[in-house]
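Structural overview
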Amino acid sequence: MMIAVVAGTPVDTKMGVAIMEKEGYETLSYPMAKSPEDQTKLQYFSQEELDRAFQDIVSEAKEKGAQGVYINCNSLSASLHYQEAEEKIGLPIITPLETYRNLPKELTSIVVLAANGVSAYRVDEIIREAQPDIKTVCMGNLSIVESIEKEKASSDIVRDLNLKGLLSYLEGIRDPDYRVDAIILACTHFPYIKEALQKETSIPIIDPKDDMVDRLKKALKDQK
């Protein structure tokens, strides 16, 4: 069974391919930009061009035998009208965004850590549609993505970008109404540093990947 992996850059596309191949799928690989900077420019300024390019990719993937599309990029998912492509072309499209609509209800205050402002805003919007009373701290940090793209060691990224300082700030929030219950990794690059982050904090860190894989398997089963 073949899955088309679409992502913002060659690096997160490669990460998505690794996830799919680990699950036993054949893959087609479709990075939509050459670098994080190019991807951010595309998302901010060229909505029509972005949607058209994505629909062309999905159409090509279907012609080549793909039975589903796995978007391994939060900021790209947040910028695309991917539901239109799913309906028009007839392939199930899996993104991290649906995970955010189904976060555990016991979470009352969370941090959304995204690649850029567009993604942070969109993820926050999606979470609030499902849980209007949840409290959020939202931030986009492209420097983390760029450091991962350079293949720096995860521990070095946490140190050099002072992410330990960020975690210390979040842990230091004492007001019970705003104390952080979880950190959402709202960028598919960020599992690269998840273990290094978790070593520095007792705050649970949520990665959408497992839920995405489960939803893909269900969508493929429902197609049969």
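Residues numbered from 1 in each chain as written. Predicted model: local features only at pLDDT ≥ 70, side-chain atom pairs only at ≥ 80, totals over all residues. Heavy atoms only, no water.

Turning our attention to the overall build of the chain. A tally of helices and strands in the chain yields 12 helices and 8 strands. Counted over contacts in the chain with a minimum sequence separation of 6, partners at least 24 positions apart contribute 73%. Element-wise, carbon and sulfur atoms account for 49% of the exposed surface of the chain, whose accessible area totals about 10,900 Å². (Helix = DSSP H or I, 4+ residues; strand = E, 2+ residues; numbered from the N terminus. Contact = heavy atoms within 4.5 Å. Areas by Shrake-Rupley, 256 points an atom, 1.4 Å probe, with all protein chains shown as cover.)

With that settled, consider the nonpolar core. Among the nonpolar cores identified, the biggest contains 38 residues, and Phe54, Ile71 and Ile110 are the most heavily contacted of them. With 5 residues, helix H3 (residues 47-63) is the largest single contributor of residues to this core. Not counting the four nearest positions on each side in its chain, Ile71 is found in contact with Val6, Phe54, Leu76, Ser77, Leu80, Tyr82, Ile93, Ile94, Thr95, Pro96 and Met212. Ranked by size, the runner-up nonpolar core spans 22 residues in total, among them Ile144, Leu167, Leu185 and Ile193. (Core = buried A, V, L, I, M, F, W, Y, C linked by side-chain atoms within 4.5 Å. Buried < 20%, exposed > 50% of the residue type's maximum accessible area, 1.4 Å probe, protein only.)

Further remarks concern the sheet that holds strand S7 (residues 182-186). The 4 strands lie next to each other as S6-S5-S7-S8, forming an open sheet whose pairing is parallel. Since the sheet does not close on itself, it has two edges, and those belong to strand S6 (135-140) and strand S8 (205-206), each with one partner. When strand S5 (residues 109-114) meets S7, the two strands line up parallel, connected through 5 bridges. Along S7, the bridge assignment pairs Leu113 with Leu185. (Pairing = 2+ DSSP bridges.)

Attention shifts here to the side chain of Arg215. If you trace the backbone, Arg215 turns up in helix H12 (residues 209-223). Within the local environment of Arg215, its side chain forms a polar contact with the side chain of Asp211, the two groups lying 2.9 Å apart. Setting aside chain neighbours within four positions, we find Arg215 in contact with Ile94, Thr95, Pro96, Glu98 and Thr99. (Polar contact = N/O pair within 3.5 Å; in protein donor to acceptor, adjacent residues only side chain to side chain.)

Below, the discussion takes up unusual backbone geometry. Excluding glycine, residues mostly carry a negative phi; peptide bonds, for their part, are mostly trans. Of note, Glu151 is a non-glycine position whose phi angle comes to about 65°, a positive value. Tracing the backbone through its elements, the reader meets Glu151 in the loop between helix H8 (142-149) and helix H9 (154-160). Judged by relative accessible area, Glu151 falls into the exposed class, the value being 64%. Despite not being glycine, Asn162 shows a phi value in the positive range, around 55°. Positionally, Asn162 belongs in the loop between H9 and helix H10 (163-171).

Read from one edge of the open sheet, 4 strands run S2-S1-S3-S4, paired in parallel fashion. Every other strand in the sheet has two partners, leaving strand S2 (26-31) and strand S4 (93-94) as the edge strands with one partner each. Strand direction decides the pairing type here: strand S1 (residues 2-7) and strand S3 (residues 68-71), joined by 4 bridges, are parallel. Paired with Ile3 across the bridge in S3 is Gly68. Contacting S1, S2 and S3, helix H1 (residues 10-22) runs over the sheet at an angle of about 165° to S2. Of the strands in this sheet, S1, S2, S3 and S4 are in contact with H3, which crosses S2 at around 160°. (Axes fitted to C-alpha atoms, helices over the stretch in contact; angles between N-to-C directions.)

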